[in-house]
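Fold and geometry: a report
Residue strings, one per chain:
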Amino acid sequence: MAGSNSVTPLGGAGPRDLRARVLRDLRISVMDRCNFRCPYCMPRETFHDKYRFLGSHERLSFDEIVRLARLFVRLGVRKLRLTGGEPLLRPNLTDLIGDLTAIEGIEDIALTTNGALLGKYAFELRAAGLQRITVSLDSLDPETFRRLSGGFGGPEDVLSGIEHARRAGLEPIKVNTVIQRGVNDHTALDLVERFRGTGVIVRFIEYMDVGNRNHWQPNVVVPSKELVARIGARWPLAPLRRAYHGEVAARYRFTDGRGEVGFISSVTQPFCGGCTRARLSSDGVLYTCLFATHGTALRDQLRSGASDDALLDVMRKVWLERSDNYSERRQGLLPVSERKVEMFYIGG
Ligand code: SAM
Ligand code: SF4
Ligand code: SF4
């Protein structure tokens, strides 16, 4: 049942969607452009030199993002994640982080980056109030890395970025690795070996059919169960309890005490039932699912003078009417005919 509750004071429950899920997390894409061309996200054949990305006036300004973030807090949001595209390409990002950390009710702000520019910005980000960071790194093998970045950067840049983040205190640092069979699954254990015992938490993500352009095939997905078995055979693992409701990663600790490793199994073990996330694209469209086919444009309303109450009404209605559960339905949907939003645009 959808809740009838509307705006609640801080700490209140907030609106519930049609499957009784609250709104707790907001992913904000601050930049649709990227300095990589990962084939599973922004394949080069589509995102070439002539591809038309958003102009700066089309992206939400920092003031607009902050205003919406404040309103989202009134609907229940407590956690923010800045993403993209590549968020570190957004000029003056630290100004935005400073403003977001000042919002009462926000308990956690994180950022997901490909790490190429992290060495340059880690200390500034921490000084602006960023608490922790997630760095995407698909392989330590230079050739495999470049295949997965579309030919840009190298593992050494990302490792150096991670080291700067560690020195800056952007912890805990998580490393996100998307595994594809026959592409980088042979280098998965190297990543575990590299980060075990360092405090950096590696999380393996099942390759997903996001967007319409990555030529996803189910047989390329490596089920987390298989990876758990492979890693566990080398370094014995024991499952950990979920740290909080809605945590998407299944966590395991190394029984020798050298930290933990996580698995995000969006394909083989969908977690739609606990999905409390909304996503805001860089041009201000609100989406309630990573696999959405449509969203609700907020930017024009912001720019045409809509009041906070009017915007809240729209946002609340979107959440109350939400019924998304794409990952639970995926098997029945393939081959997919619906056009989904692209990940670089709404953020992963
Ligand atoms: N550019 C930044 C980065 O790569 O970390 C932030 C945006 S990126 C879209 C966010 C995350 O989505 C990355 O960890 C990336 O690996 C993941 N991602 C992108 N396409 C994916 C796919 N098809 N399946 C699973 N994860 C994917
Ligand atoms: Fe860029 Fe991140 Fe997408 Fe790779 S996954 S193309 S780094 S936005
Ligand atoms: Fe949430 Fe949609 Fe992913 Fe399900 S498929 S967990 S509803 S984002």
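Before going into details, it helps to say that this report is about the structure given with it. On a predicted model such as this, the values are computed, not experimentally measured, just so you know. (Residues numbered from 1 in each chain as written. Chains lettered and ligands numbered in written order. Predicted model: local features only at pLDDT ≥ 70, side-chain atom pairs only at ≥ 80, totals over all residues. Heavy atoms only, no water.)

1. Things to note about the site of ligand 2
We count it as follows: Nearness here has a simple test: a residue counts as near a molecule or strand if at least one of its heavy atoms is within 4 Å of that partner. As a working rule, the residues Ala, Val, Leu, Ile, Met, Phe, Trp, Tyr, Cys and Pro are called nonpolar, Asp, Glu, Lys and Arg charged, and the rest polar, with Gly in that last group.
The full set of residues close to ligand 2 is Cys34, Phe36, Cys38, Cys41, Met42, Gly85 and Asn114. Its residues assigned to classes, the shell around ligand 2 comprises five nonpolar, two polar and no charged.

2. A few points about the site of ligand 3
Near ligand 3 the following residues occur: Phe271, Cys272, Cys275, Arg279, Cys289, Leu290, Phe291, Arg322, Asp324, Tyr326 and Ser327. Of the residues assigned to the shell around ligand 3, the class counts are seven nonpolar, one polar and three charged.

3. Observations regarding helix 5 (residues 155-168)
Counted only if it meets this: Only runs of H or I of at least four residues qualify as helices and only runs of E of at least two qualify as strands under DSSP, and these elements are numbered from the N terminus. What a helix is expected to span follows from its residue count: subtract one and scale by 1.5 Å. With a 1.4 Å probe rolled over the protein chains alone, any residue whose accessible area is under 20% of its type maximum counts as buried; one over 50% counts as exposed, and the rest are partly exposed. For this analysis, residues touch if any pair of their heavy atoms sits within 4.5 Å.
For helix 5, which comprises 14 residues, the first-to-last C-alpha distance of 20 Å matches the rise-based estimate of 20 Å (1.5 Å per residue) to within 8%. For helix 5, the full list of buried residues reads Pro155, Val158, Leu159, Gly161, Ile162, Ala165 and Ala168. Looking at the buried residues of helix 5, the elements they touch are helix 3 (118-128), strand 4 (132-136), helix 4 (142-149), strand 5 (173-179) and helix 6 (188-195). Of the residues flanking the end of helix 5, it is glycine 169, one or two places downstream, whose phi is positive at about 85°.

4. A look at the sheet that holds strand 11 (residues 285-287)
We count it as follows: Only strands that DSSP links by at least two bridges are regarded as paired with each other.
Spatial ordering of the open sheet is given by 7-8-9-6-5-4-3-2-1-10-11-12, a layout of twelve strands whose pairing is mixed. Either end of the sheet is taken by a strand with one partner, and the two such strands are strand 7 (237-239) and strand 12 (296-297). Pairing of strand 5 with strand 6 (residues 201-206), which is carried by six bridges, proceeds in the parallel orientation. Following the sheet pairing, lysine 174 is matched in strand 6 by isoleucine 201.

5. Side note on the environment of glutamate 104
Looking at where glutamate 104 falls in the secondary structure, it is placed in the loop between helix 2 (93-101) and strand 3 (108-113). Each C-alpha atom, one on glutamate 104 and one on valine 73, is 8.2 Å from the other, the two residues being 31 residues apart in sequence.

6. Considerations on the packing of helix 2 against helix 3
Test applied: Note on method: axes are straight lines fitted to C-alpha atoms, helices fitted across the in-contact stretch only, with angles between N-to-C directions ranging 0 to 180 degrees. Between 65 and 115 degrees an angle is taken as roughly perpendicular, under 35 as roughly parallel, over 145 as roughly antiparallel, and anywhere else as oblique. The crossing is said to be left-handed when, going from far helix to near helix, the turn is anticlockwise and less than a right angle, and right-handed when the turn is clockwise.
Here helix 2 crosses helix 3 at 25°, and the two axes come no closer than 8 Å. Judged on the interaxial angle alone, helix 3 and helix 2 are roughly parallel. Crossing handedness for the pair helix 2 and helix 3: right-handed. From helix 2, Leu93, Thr94, Ile97, Gly98 and Thr101 reach across to helix 3, where they touch Glu124, Leu125 and Ala128. Its residues assigned to classes, the contact of helix 2 with helix 3 shows four nonpolar, three polar and one charged.

7. So, the side chain of arginine 37
Selection criterion: Two residue types count as positive, namely Lys and Arg, and two as negative, namely Asp and Glu; His and chain ends fall outside the count. Any Lys or Arg side-chain nitrogen found within 4 Å of a carboxyl oxygen on Asp or Glu counts as a salt bridge. Distance and chemistry together define a polar contact, namely a pair of N or O atoms within 3.5 Å, with one atom able to donate a hydrogen and the other to accept it when in protein, and with adjacent residues in sequence counting only for side-chain atoms on both sides.
Its place among the elements puts arginine 37 in the loop between strand 1 (25-31) and helix 1 (62-74). Buried and unpaired, arginine 37 has aspartate 49 as its nearest opposite-charge partner, separated by 6.4 Å. Polar contacts involving the side chain of arginine 37 include one to the main-chain carbonyl oxygen of cysteine 34, which spans 2.9 Å. Within the structure, arginine 37 has its side chain in polar contact with the backbone oxygen of phenylalanine 47 (distance 2.7 Å). Those residues in contact with arginine 37, other than ones at most four positions away along the chain, are Met42, Arg44, Phe47, Phe53, Ser149, Gly150 and Phe152.

8. A closer look at the side chain of arginine 277
Structurally, arginine 277 can be placed in strand 10 (residues 277-280). One buried charged residue, arginine 277, forms no salt bridge at all, with the nearest opposite charge on aspartate 25 at 5.0 Å. Ignoring any residue separated from it by four or fewer positions in sequence, one finds arginine 277 in contact with Leu23, Asp25, Arg27, Val248, Thr288, Trp319 and Arg322.

9. Some details on the pairing of strand 9 (residues 260-264)
With respect to burial, strand 9 is a largely interior element, four of its five residues being buried. Two elements, strand 8 (residues 250-254) and strand 9, share four bridges in a ladder whose sense is antiparallel. Residue pairing across strands places arginine 251 opposite glycine 262, the latter belonging to strand 9. The hairpin turn running from strand 8 into strand 9, its antiparallel successor, is five residues long, and glycine 257 in that turn takes a positive phi close to 85°.

10. A word on unusual backbone geometry
Among all residues except glycine, the phi angle is most often negative; among peptide bonds, the trans geometry is most common. Residue proline 172 is bonded to the preceding glutamate 171 through a cis peptide linkage, with omega at 5°. Along the polypeptide, proline 172 turns up in the loop between helix 5 and strand 5. One non-glycine residue, alanine 20, lies in positive phi territory at about 65°. Within the secondary structure, alanine 20 sits in the segment before strand 1. Taking relative accessible area as the criterion, alanine 20 reaches 35% and is therefore assigned partly exposed. We note that asparagine 92 has phi near 60°; this positive angle belongs to a residue other than glycine.

Interpretation in functional terms is not warranted from these geometric data alone.
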